[in-house]
Every structure is written in C-alpha cells, then in structure tokens.
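Structural overview for review
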Amino acid sequence: MTRAYLSLGSNLGDRLDHLQQAVAELEEAGLHVTDVSPVYETDPVGLVDQPAFLNAVAGGVTSLAPHDLLARCKAIEQELRREPGVRWGPRTCDVDILVYGDAELASEAL
C-alpha cells in the first residue's frame, strides 16, 4: 500500500457537495481515505474573473499504481460533470495527486 495525498477543488455549483462526493468516490475508486483537511475558500489564480474555490486535501493509502490513481481522479471529475475549459478556469471539481509515496512524477500538462 502506498500513501497518497490529493487536492480537491470546486468553484461551480454546490462546491461543498462536490468535494464531499469526490472524497466518497475516491474511497470507491481504491483510495482508503484516512484523512481529510478542513475545507477552505481561496481566490482563483490565473483566470481571476470567476467564483472563489472551496479546497481540501484528502490523504489515504492505495494499492493503485500512480497512473491508475490519476485515471480514477479524472473519471471522478467527469462523473461530477467537469467540463473541458481553459487552464485555471472554473470547474465543478478538480482532483489532483499531490503526493504518491516517495515517487517523483511529472505531469505532461505543466
């Protein structure tokens, strides 16, 4: 099992419900969630003309490989009706891997 931490964000619709659903979906997707941070509100970065975000971090352990965990994160975003859009734009839900054990992985999107 590998310890992983994921960031969760939402600034459209019922933001808190989207975060709660994402945590539940992560559990079903193969991350045994052991910790969830408090929820906090942040101003948008990059594209600032949009609603504020609610954000949290979920931590847990998983037997999923990093790329499988990432695929499940993206599937959760789709289930919560995230629409493709501009970088740093508004979204119903964003789920990103922050830490996956002691692995150093790079995103092609950076």
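In short, a report on the structure.

Here is what the cut-offs are and how they apply
- Residues numbered from 1 in each chain as written.
- Predicted model: local features only at pLDDT ≥ 70, side-chain atom pairs only at ≥ 80, totals over all residues.
- Heavy atoms only, no water.
- Helix = DSSP H or I, 4+ residues; strand = E, 2+ residues; numbered from the N terminus.
- Buried < 20%, exposed > 50% of the residue type's maximum accessible area, 1.4 Å probe, protein only.
- Polar contact = N/O pair within 3.5 Å; in protein donor to acceptor, adjacent residues only side chain to side chain.
- Contact = heavy atoms within 4.5 Å.
- Salt bridge = Lys/Arg side-chain N within 4 Å of Asp/Glu carboxyl O.

Some thoughts on the side chain of Asn55
- As for its placement among the helices and strands, Asn55 is situated in strand β4 (residues 53–62).
- Under the relative-accessibility criterion, Asn55 is labelled buried at 15%.
- Looking at Asn55, its side chain comes within polar contact range of the side chain of Thr42, at 2.6 Å.
- With near-sequence residues (within four places) excluded, Asn55 lies in contact with Leu8, Gly9, Leu19, Pro38, Val39, Tyr40 and Thr42.

Thoughts on the pattern of salt bridges
- Inspection of the entire model under this criterion finds five salt bridges.
- One salt bridge connects Glu41 with Arg15, and the closest N-O pair in it is separated by 2.9 Å. Of this pair, Glu41 sits in strand β3 (residues 40–42) while Arg15 sits in helix α1 (residues 15–29), and the two are 26 residues apart along the sequence.
- Residue class for Arg15 comes out partly exposed when judged on its relative accessible area of 23%.
- Its salt-bridge partner being Lys74, residue Asp96 comes within 3.4 Å of it at the nearest N-O pair. Note that Asp96 is positioned in strand β5 (residues 94–100) and Lys74 in helix α2 (residues 66–79), a separation of 22 residues in sequence.
- What makes Asp96 partly exposed here is its relative accessible area of 27%.
- Its relative accessible area of 30% is what places Lys74 among the partly exposed residues.
- Through salt bridges with shared partners, one network takes in Lys74, Glu77 and Asp96.

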